[in-house]
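# Overview (structure and organization)
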Amino acid sequence: MARAAPCAMKAAPRLSVLDAVAVLVGVVIGIGIFGFPPLVAQHASSPAMYIALWGAGGLVMLVGALCYAELGAAYPGAGGEYLYLARAWGARLGLLFAWARCTVIQTGAIAVVAFIYGDYAQQLLPLGEHGAALHGALSVIVLTALNIVGTQPSKRLQWIFTLLTLAALAAVIIASLLSAPQASATAAPAPLSGHPAGLLGMGMVFVLLTYGGWNEAAYLSGELRDPARNMSRVLLTGTAVVAGAYLLINLALLEIFGLQGLRDTQAVGAAVMQLAAGPYAAASLSLLVCATALSTINGTIMTGARLYYALGRDVPRLAVLASWSARGQTPVRALLAQGGITLLLIGIGAVSQNSVQTLVAYTAPVFWLFMLLVALSVARLRRLDPDRPRPFRVPCYPLPPLLLALTCAGLVYSSAVYAGAGALLGLAVLAAGLPLLRLAPVQARG
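Values in this document were obtained by computation on a predicted structure and should not be read as measured data. (Residues numbered from 1 in each chain as written. Predicted model: local features only at pLDDT ≥ 70, side-chain atom pairs only at ≥ 80, totals over all residues. Heavy atoms only, no water.)

## Thoughts on the overall build of the protein
Summing up its helical and strand segments, the protein has 15 helices and 2 strands in all. When the accessible surface of the protein is totalled, it reaches about 17,400 Å², and 68% of it is carbon and sulfur. (Helix = DSSP H or I, 4+ residues; strand = E, 2+ residues; numbered from the N terminus. Areas by Shrake-Rupley, 256 points an atom, 1.4 Å probe, with all protein chains shown as cover.)

This is how it looks when you write it as structure tokens:
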């Protein structure tokens, strides 16, 4: 392991716009697009409503990207949302968010994707009863070690994973053009039971789970070249790539299966490849799906550890986390801490009845609660810090942050209703961090 540099060492601005876009796209376009479309279809009353939900998800991502672009350009730093919340609402709330992200949001998200990767890897290389958990844990260990070696190797691998992710999506889209529509494609979808507003709310929960992760680019602003100018470029370019890819693939799925057929389909990607080119193509897609999951895990590990580093700079009693490797340009101890917590959550998931649903339920309400506060931070920081240079300003202000805040408020409610007991567990872990608030610094750096 490289010798740790003093805590005061700053991350070097090594990432270009394209590097950061690759991280953003790799984190967002992950395993969800191969699993959530049937769940969205189960909450859409018509094909037009199904596509409208995906379009609305892209709009929310765009609105969020505009808000984050202003915050990231005005307050560049490795802490991302932690810096914004601490400046807007005080160091105590910033520290509470850091606790939530380290114990619930980020580590829970890594564990979810690790389990999904493990399910696919288990089919290709069985490792016994708990093979999915073992595969998932191994992916976390290996990718954490790679990030410890250095940002440059991790960045190169992220490029490879992102290209494989886009290749998997392209394969499904091309296969859909070669596949004959199924009988269900023209069949009228069965009417849905339940309140229309409730159905749409649940549909948006799953859509935005699939879009989730676009905010991770905020944690790279401290290492992005010229963040004042480039932060908005990263977020807006990444949003355009992700939204365009999602709309294309969902139009293709509707063309093949129809809305009712999509509701009844489980592994949509493998089903498309099976129809177009047989079982060997389906197995090949499974390998690409594994690469997609690894892309998400690697990108999330890379961005997540930056918060531990920022936290260590600001809280003297946690200064051990602020160790930055001069050789690899990585926060080594932060990566180790994040990896240890993630492995603990994977262990909890391994003994639950449905590991993925358990961990999604654990993370979602806490995540949307803090994003609500980040949305409100745009207006609050303009008022508290009016003289701060803002190279990028949200257009049509204050509508974008207000729209994002209202969306997040609705998703806090919807995800809590969906998550049930899992939501209570996540909120309980959040509450367990309240005693740490006495360690809050006077002010977050950045």
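Let us keep going from here.
## Regarding the nonpolar core
Core analysis: the biggest nonpolar cluster contains 123 residues, and Tyr 50, Tyr 211, Ile 297 and Phe 370 have the highest contact counts within it. Per-element tally for this core: the top contributor is helix H5 (residues 91-124), with 18 residues. Residue contacts for Phe 370: discarding those within four places in its chain leaves Leu 85, Leu 93, Leu 96, Phe 97, Ala 100, Ile 105 and Leu 430. (Core = buried A, V, L, I, M, F, W, Y, C linked by side-chain atoms within 4.5 Å. Buried < 20%, exposed > 50% of the residue type's maximum accessible area, 1.4 Å probe, protein only. Contact = heavy atoms within 4.5 Å.)

## Describing helix H6 (residues 131-149)
Between its terminal C-alpha atoms H6 stretches 27 Å, which fits the 27 Å expected from 19 residues at 1.5 Å a residue. Along H6, the positions that sit buried rather than exposed are Gly 131, Ala 132, Ala 133, His 135, Gly 136, Ala 137, Ser 139, Val 140, Leu 143, Thr 144, Asn 147 and Ile 148. (Expected span 1.5 Å × (residues − 1).)

## Considering the environment of Ala 100
Counting through the fold element by element, Ala 100 comes out in helix H5. Setting aside residues up to four positions removed in sequence, Ala 100 forms contacts with Ile 105, Val 366, Phe 370 and Leu 430.

## Topic: a nonpolar patch on the surface
A cluster of nonpolar side chains, namely Leu 124, Leu 125, Leu 127, Leu 134 and Leu 287, defines an oily patch on the protein surface of about 460 Å² accessible area. Note that Leu 127 resides in the loop between H5 and H6. (Patch = residues over 30% accessible without salt bridge, like charges linked within 9 Å, V, L, I, M, F, W, Y side chains within 5 Å. Salt bridge = Lys/Arg side-chain N within 4 Å of Asp/Glu carboxyl O.)

## A look at the environment of Leu 253
The topology assignment puts Leu 253 in helix H9 (residues 227-264). When its relative accessible area of 2% is taken as the criterion, Leu 253 is described as buried.

## A short note on the packing of aromatic side chains
Per the counting criterion, the structure on display carries 7 aromatic pairs. Taking the centre distance of 6.2 Å and the plane angle of 70° together, the rings of Tyr 50 and Trp 54 count as edge-to-face. Here Tyr 50 and its partner Trp 54 are both found in helix H3 (residues 47-74), 4 residues apart, which amounts to about one turn of the helix. Tyr 50 gets classed as buried once you look at its relative accessible area, which sits at 0%. The exposure class of Trp 54 is buried, given its relative accessible area of 0%. Chaining the aromatic ring pairs together yields one cluster made of Tyr 50, Trp 54, Tyr 211 and Tyr 246. A cation sits over an aromatic face here: Arg 382 above Tyr 397, 3.8 Å from the ring centre. (Phe/Tyr/Trp six-rings, centres within 6.5 Å; stacked < 30°, edge-to-face > 60°. Lys NZ or Arg CZ within 6 Å of the ring centre and 35° of its normal.)

## With respect to the state of the cysteines
A complete count under the given rule lists 0 disulfides for this structure. The structure places no disulfide on Cys 408, whose sulfur is separated from the nearest cysteine sulfur, that of Cys 67, by 9.1 Å. Taking relative accessible area as the criterion, Cys 408 reaches 0% and is therefore assigned buried. (Disulfide = S-S within 2.5 Å.)

## Examining the packing of H5 against H6
It is at 7 Å that the axes of H5 and H6 come closest, and there the two elements cross at 120°. In terms of orientation, H5 and H6 fall into the oblique class. The interaxial crossing formed by H5 with H6 has right-handed handedness. Residue-level contacts link Ile 110, Ala 114, Phe 115, Tyr 117, Gly 118, Asp 119, Ala 121 and Gln 122 of H5 to Gly 131, Ala 132, Ala 133, His 135, Gly 136, Ser 139 and Val 140 of H6. Tallied by class, residues from the contact of H5 with H6 come to 8 nonpolar, 6 polar and 1 charged. (Axes fitted to C-alpha atoms, helices over the stretch in contact; angles between N-to-C directions. Parallel < 35°, antiparallel > 145°, perpendicular 65-115°, else oblique. Left-handed = near helix turned anticlockwise from the far one by under 90°. Nonpolar A, V, L, I, M, F, W, Y, C, P; charged D, E, K, R; others polar.)

## Brief notes about the packing of H5 against helix H13 (residues 355-384)
Interaxial distance between H5 and H13 falls to 9 Å at its minimum, and their mutual angle equals 145°. Viewed along their axes, H5 and H13 form a crossing whose handedness is left-handed. Residues of the contact of H5 with H13, tallied by class, amount to 19 nonpolar, 4 polar and 1 charged.

## Observations concerning the side chain of Thr 103
The residue Thr 103 is located in helix H5 in this model. In terms of polar contacts, Thr 103 uses its side chain to reach the backbone carbonyl oxygen of Trp 99, at 2.7 Å. Leaving out residues up to four positions away in the same chain, Thr 103 has contacts with Ile 341, Leu 345, Tyr 362 and Val 429. (Polar contact = N/O pair within 3.5 Å; in protein donor to acceptor, adjacent residues only side chain to side chain.)

Spatial relationships are all this shows, so hold off on functional conclusions.
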